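Working through the structure, step by step
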Amino acid sequence: MAIQRVKSKWAKTKVLLRAEPLRERIPLTKRWNITDLAHMLDTYAMVYVKPDQGTFGLGVVRVEKRSSDLYTYQSGTLLQSFTSFEQMAASLRKRIGNRAYLIQQGIPLLTYEGLRFDIRVMVQMNPKNEWETTGIIGRVGHPKKIVTNYHSGGVPKSFNKLMGAYLTESQTRSYGAWLAELGTDVAKQLQTEYPRLKEIGIDIAIDQSFQPWILEVNTLPDPFIFRKLEDKKMFRRIYRYCLAYNRRLS
Ligand SMILES: Nc1ncnc2c1ncn2[C@@H]1O[C@H](COP(=O)(O)OP(=O)(O)OP(=O)(O)O)[C@@H](O)[C@H]1O
Ligand SMILES: [Mg+2]
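About the criteria used
Residues numbered from 1 in each chain as written. Chains lettered and ligands numbered in written order. Predicted model: local features only at pLDDT ≥ 70, side-chain atom pairs only at ≥ 80, totals over all residues. Heavy atoms only, no water. Phe/Tyr/Trp six-rings, centres within 6.5 Å; stacked < 30°, edge-to-face > 60°. Helix = DSSP H or I, 4+ residues; strand = E, 2+ residues; numbered from the N terminus. Buried < 20%, exposed > 50% of the residue type's maximum accessible area, 1.4 Å probe, protein only. Near = heavy atom within 4 Å. Polar contact = N/O pair within 3.5 Å; in protein donor to acceptor, adjacent residues only side chain to side chain. Areas by Shrake-Rupley, 256 points an atom, 1.4 Å probe, with all protein chains shown as cover. Donors = N, O, S within 2.8 Å, 3.2 Å for Na, K, Ca; no water. Domains from an automatic or database assignment. Buried area = accessible area lost by both parts, 1.4 Å probe. Salt bridge = Lys/Arg side-chain N within 4 Å of Asp/Glu carboxyl O.

Here's the deal with the packing of aromatic side chains
Under the definition given, this model contains seven aromatic pairs. Their ring planes at 40° and their centres at 6.0 Å tell us that phenylalanine 224 and phenylalanine 235 sit as a pair that is tilted. Pair noted here: phenylalanine 224 is in the loop between β12 (212–218) and α7 (233–244) and phenylalanine 235 is in helix α7, with a separation of eleven residues, a long-range link. Among the residues examined, phenylalanine 224 registers a relative accessible area of 23% and is labelled partly exposed. Residues phenylalanine 235 and tyrosine 239 carry aromatic rings whose centres are separated by 5.5 Å and whose planes lie at 40° to one another, so their mutual orientation is tilted. Residue phenylalanine 235 and its partner tyrosine 239 are both found in helix α7; the two are separated by four residues, about one turn of the helix. Taken together, the ring pairs in this structure connect Phe224, Phe235 and Tyr239 into an aromatic cluster.

So, the site of ligand 1
In the region of ligand 1, 22 residues are neighbours, and Phe56, Asp118, Asn149, Glu216 and Asn218 sit closest. One of the side-chain N or O atoms of asparagine 149 is found 2.5 Å from an oxygen atom in ligand 1. At 2.9 Å, a side-chain N or O of aspartate 203 approaches an oxygen atom of ligand 1. Considered on its own, ligand 1 offers 610 Å² of accessible surface; in the complex 97% of this is hidden by protein.

Quick word on the coordination of the magnesium ion (ligand 2)
Geometrically, a metal with four donors at the corners of a regular tetrahedron has ideal angles of 109.5 degrees, and one with six donors at the corners of a regular octahedron has ideal angles of 90 or 180 degrees. In this structure, Asp203 (OD) and Glu216 (OE) serve as the protein donors to the magnesium ion (ligand 2), at separations of 2.0 to 2.1 Å. Linking aspartate 203 in strand β11 (residues 199–206) with glutamate 216 in strand β12, this pair joins segments that are 13 residues apart in sequence. Accessibility classification places aspartate 203 together with glutamate 216 in one group, the buried group.

Comments concerning the domain arrangement of the chain
Size of an interface: often given as the accessible area lost when the parts come together. What the domain assignment reports for the chain is domain 1 (29–105) and domain 2 (109–244). The C-alpha-based centres of domain 1 and domain 2 are spaced at 26 Å. Taking both sides of the interface into account, the surface hidden between domain 1 and domain 2 amounts to around 940 Å²; carbon and sulfur atoms contribute 55%. Along the contact surface separating domain 1 from domain 2 lie zero salt bridges. Viewed at the interface, domain 2 and domain 1 are joined by four residue pairs in polar contact (both at pLDDT 80 or more). Within the residue set of the side of domain 1 that touches domain 2, elements represented by two or more residues are β2 (46–51), β3 (61–67) and β6 (101–105).

Set out below in structure tokens:
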């Protein structure tokens, strides 16, 4: 039977929220509506507004309340400013139209040489039929953009190098082991609802106090981003597992 893919971020988020230990790792997420947008900006000052079924970071908007009379939002490289919530929300509403969108608590990402980065954790069903975390990699965002996706100018970089700016070697190793475990927990939880999953790619934000947050889970993760690493060991295993469960690779 074909490998299961699930497009709706909202559907996947709801499944993860059912698992008590995962709940606290998920930024507050709502379906697009003006009331929650106002509340969440009051609470978090920064939120992400994104398509329920987006890819490549397309259509993702970062919205900020900078003061009571300065609201901004940025999509792509264009930053727009407004003097009231109502003006900003009206403009955003026009941009979104009647497409399905989500609002998510914004996580202030750690930076590397001044640029924001997030983490992609690859989790696969291994040939022994167990969930295994097979890859962890960082993606450094383009200086003028609000997303870190490779297809939007993000640059893949080794997890050790990125975290090495903050943690010792042994701390980085334990942190990686923690993310690896979080990865298999996420896979097992999603499998309760989607039994034919074979692979997932989890986007994880690490905030300034080193808390990991699950931004979203991709069910058609790109294995080739791992080929960008100097050390090809991770990629080789990922690729081998892909072949084992007959993923079509182009
Ligand atoms: N809540 C958030 N806080 C901080 N940054 C975020 C948040 N949500 C998204 N981002 C940034 O925007 C990027 C794109 O968002 P997301 O992964 O949710 O959608 P997508 O990339 O379009 O989907 P896909 O990964 O399938 O291509 C993330 O990798 C991250 O850099
Ligand atoms: Mg993503």
